[in-house]
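# Coordinate inspection notes
Listed here are the chains, written in short residue letters.
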Amino acid sequence: MKTIPLFLLLILSAVMAVSCGDRSSASLPEGSDVPLRYAYPRVAVPDTVYSRLQSGPLSFEVNSAAMACASANDRGLDLFYPAYRGKIYLSVNDEMSAERLASAITNRRQRFALNLAGAPAKSSVFVNDAGFVCELTYTDEAIVTPVLFLAHDGRKLLFSGAFAFDALDRRATADSVAPVTAAIRADVMRLLHSLREKN
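A brief look at the structure comes next. Residue numbers run consecutively from 1 along every chain, following the written order of its sequence. pLDDT decides what is reported in this predicted model: residues at 70 or higher carry local features, side-chain atom pairs at 80 or more are listed and counted, and totals for whole chains, interfaces and linings draw on all residues regardless. In computing side-chain properties, one takes all heavy atoms of the structure into account and sets aside hydrogens as well as water.

### Description of the side chain of Ser 55
Among the secondary structure elements, Ser 55 is positioned in strand E1 (residues 50-55). For every residue, the accessible area (1.4 Å probe, protein chains only) is compared with the maximum for its type, and the residue is labelled buried under 20%, exposed over 50%, or partly exposed between those bounds. The class of Ser 55 is buried, set by a relative accessible area of 3%. A 3.5 Å cut-off defines polar contacts: any pair of N or O atoms within that distance qualifies, except that in protein one atom must be a possible hydrogen donor and the other a possible acceptor, and neighbouring residues in sequence count only when both atoms are side-chain atoms. Of the polar contacts made by the side chain of Ser 55, one reaches the backbone nitrogen of Leu 77; its length is 3.4 Å. Secondary structure is summarised from DSSP: a helix means a run of H or I of at least four residues, a strand means a run of E of at least two, and numbering begins at the N terminus for each.

Structure (structure tokens):
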């Protein structure tokens, strides 16, 4: 019968002692054996089924996951997303002079900058099939109002809105809110592309 040399047994014992020894370390959180990142639950993004909604002089398509409710400022409707714990606040201003319209657009852009609170932002500007000039501004950062938009007809009508979380955990990261902001951006793009003035 072959025997295992003594020095090989000593080496194996040392390896096992190191791998099975006390894992606690000054660098680990107290009471934790293994450092873990703070975890966020995956947000379930609902199916994107759209239907047409009317608000004041306008109509547009909205996701069926959003509940239309009366706007607090009495200028139309807001869209509440229960699954996301947030709301798209909408505002419609019509029958404005060209001068007032230009001033209102400047004012909205200034509000966008304030709501973004210095977060890096991206913008998309396009003209939809109905002739509305549309602007979508958003950030990938975890802030309360990550998606903002406006649309105007260049003559008398301004439509604007912003998505805001009801409450955002102070520990939230861009990765944790990314599924929600991406879904809201898609819904807002659909809304803007489908925007029409009622006949």
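Text resumes after the structure shown.
### Quick notes on helix H3 (residues 174-193)
With 20 residues, H3 extends 27 Å from end C-alpha to end C-alpha; this agrees with the ideal 28 Å at 1.5 Å per step. What the bend at a residue measures is the angle between two axes, fitted to the seven residues ending there and to the seven starting there. The sharpest bend along H3 measures roughly 30° and falls at Val 180. Taken together, the buried positions of H3 are occupied by Ser 176, Val 177, Val 180, Thr 181, Ala 183, Ile 184, Asp 187, Val 188, Leu 191 and Leu 192. Multiplying one less than the number of residues by 1.5 Å gives the expected span of a helix.

### Digging into unusual backbone geometry
The phi dihedral of Arg 85 is positive, around 55°, even though this residue is not glycine. In this structure, Arg 85 sits in the loop between strand E4 (77-81) and strand E5 (86-93). Even without being a glycine, Glu 95 presents a positive backbone phi close to 60°. Positionally, Glu 95 belongs in the loop between E5 and helix H2 (98-116).

### Some thoughts on the environment of Gln 54
The topology assignment puts Gln 54 in strand E1. Here the alpha-carbon distance between Gln 54 and Arg 196, two residues 142 residues apart in the chain, equals 9.4 Å. Contact between two residues is taken to exist if any of their heavy atoms lie within 4.5 Å; hydrogens are not considered. Those residues in contact with Gln 54, other than ones at most four positions away along the chain, are Ser 59, Leu 77 and Lys 198.

### Observations concerning the pairing of E1
One requirement defines pairing of two strands: DSSP has to find at least two bridges between them. Pairing analysis gives six bridges linking E1 to strand E2 (residues 58-63), with the strands arranged antiparallel. Counterpart to Tyr 50 in the pairing with E2 is Asn 63. Between the antiparallel neighbours E1 and E2 lie two residues, among them Gly 56 with a positive phi of about 60°.

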